[in-house]
Amino acid sequence: MKLTKVILLYILLNVRLGPCLIGQENKIMDFDTFMEIVEEHHPLSLQAELFPEQGRQGVKHAKGAFDPKLISDLANKNFDGKNYYDVFEGGMKIPTWFGLEFYGGFEQNQGVFLNPERTVPDGGLAHAGVSLPVGRGLFIDKRRASLRKAQIAQRSSLEERRELRNQLFYEAAKAYWDWFKAYHVLGVYQDAQRLAEVRLRAVQQGAELGDRAFIDTLEAEIQVQNRELSAQEALLELENARTLLELFLWRDGIIPLELANETIPMANEDVDARLPDQRFSQQIDSLAYLHPNLAQSRFKLEQLGIDQRLKREQLKPKLDLKYNFLTEPVGNSWISDFNTNNYAWGFSFSLPLFLRKERAAINLNRLKMDALRYDISGKQESISTKAQIAINKVNNSFRQSSLARDRVDGYSRLLEAERRMFRAGESSLFLVNSRESSYVQAQVKYLDILVKNRKAEIESIYSLGLLSDQEE
């Protein structure tokens, strides 16, 4: 990680239970900075990066079935002073992708009671040959099926990574905008409380001078209490929002962090409502098809298809042919005595008569594939619907935000006019408080709509499974 990002972590965040690292000046953590911290440090984000490597190791493991193998077999029996037999055989097997298996080796056997078929020349006997499945296993076998499935799993691991990151970023983004809203709502109520306290002192002074009725001081005091209650409730919301936000703040996926007391979200003036990406609205069905969850289901369907091929292969008779060239060493050479008339060959054959087990396995796998196809169809429609609903929310909240902002400006002008009339003695404290309450509620409503817009935008991207792509 770059040095500047490390410094940023120390400025905005504190290690839990650690000392404060910065002064009292407010530090702004914008949305992009927060999401970058989540992407690079959250344990789930780091865990997601392990999936591609798991996929690569799975392919490597499957390829191991095609590795050449050294084999050896040694057996010896001595009893009553006699060497019954001394048998040794060693060699190498080389499997191939096409089903052929090459092998070669050397055997040297001796003994008083050696099985005659194990008798070889005194210098030993070398052999080299090939094994070929002519029936079952000619086009696909367990080794080839396992490798193909592992290769599909490797591609699926990338989608698994996307899905985990998509979910993480969605939850983190919601937490940030909840914190943003709670912080600015608290600011609105604290400003209203300060204004109410200033007005209370002014009314008290006016009552002492005889310019105001003492009953007005009671109303002003009640208004201060109401504003204080609202501010306390907003403070609780902010503390809870900060706590939830800190769930996403880590360093290197190991050390949990907390927000420094001086860290604040973006100013609400720097955040505007947005319209949805036109690409989402115009290509919602095709984008839904690319959802990582659907992609994983399609990869699973491919794997079931390979299983189906392998199960159909079991309907064929098993017929394996083997052929070996035989030669004995002459001096230091294994080839000088080579003769095509020296060989060993054979075949093995088997076939179940009723094939009930094989046919049932094919039908069971086909049912799994049908069920998965239905599941994919349902998921795609559900994803498209959820994304469309989220896009509708973005459009609606965008229109509402403009009205809500105008509403805040209107209430602000009404409040200022009412205050001037109050100072001139042409209005009452009740009307001023009423105008001020409407202005406060209008500000809170605007913040609510603004955050709804941003969260709906995030939801629309998340519903299509594209949120992790946005962060890359």
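Predicted model, so just to flag it, every value in this text is computed and none were measured.

Considerations on the packing of helix H5 (residues 142-209) against helix H6 (residues 214-246)
- Remark: H5 packs on H6, axes separated minimally by 8 Å, with the N-to-C direction vectors making an angle of 160°. Considering the angle they form, H5 stands roughly antiparallel to H6. Here H5 runs over H6; the crossing is left-handed.
- Looking at the contact of H5 with H6, its residues break down into 23 nonpolar, five polar and nine charged.

A few points about the pairing of strand S5 (residues 101-110)
- Bridge analysis of strand S4 (residues 82-95) against S5 gives 10 bridges, and the strand direction is antiparallel. Its bridge partner being in S5, methionine 92 is matched across the sheet by glycine 104.
- Counting the residues that bridge the hairpin from S4 to S5 gives five residues, and of these glycine 99 lies at a positive phi of roughly 95°.
- Strand direction decides the pairing type here: S5 and strand S6 (residues 125-133), joined by seven bridges, are antiparallel. Its bridge partner lying in S6, glycine 105 is registered against histidine 127.

Points about the environment of glutamate 262
- Within the secondary structure, glutamate 262 sits in the loop between strand S8 (255-259) and strand S9 (263-264).
- According to the relative accessible area criterion, glutamate 262 is buried, its value standing at 3%.
- Glutamate 262 sits 45 residues away from aspartate 307 along the chain, and the two C-alpha atoms are 59 Å apart.

A short note on the sheet that holds S4
- Sheet architecture is open: six strands sit in the order S3-S4-S5-S6-S10-S11, paired in antiparallel fashion. Among the strands making up the open sheet, the edge pair consists of strand S3 (69-79) and strand S11 (343-350). Going across the sheet, the axis of each strand differs from the next one's by a mean of 15°, ignoring polarity.

Thresholds, definitions, all that
- Residues numbered from 1 in each chain as written.
- Predicted model: local features only at pLDDT ≥ 70, side-chain atom pairs only at ≥ 80, totals over all residues.
- Heavy atoms only, no water.
- Axes fitted to C-alpha atoms, helices over the stretch in contact; angles between N-to-C directions.
- Helix = DSSP H or I, 4+ residues; strand = E, 2+ residues; numbered from the N terminus.
- Parallel < 35°, antiparallel > 145°, perpendicular 65-115°, else oblique.
- Left-handed = near helix turned anticlockwise from the far one by under 90°.
- Nonpolar A, V, L, I, M, F, W, Y, C, P; charged D, E, K, R; others polar.
- Pairing = 2+ DSSP bridges.
- Buried < 20%, exposed > 50% of the residue type's maximum accessible area, 1.4 Å probe, protein only.

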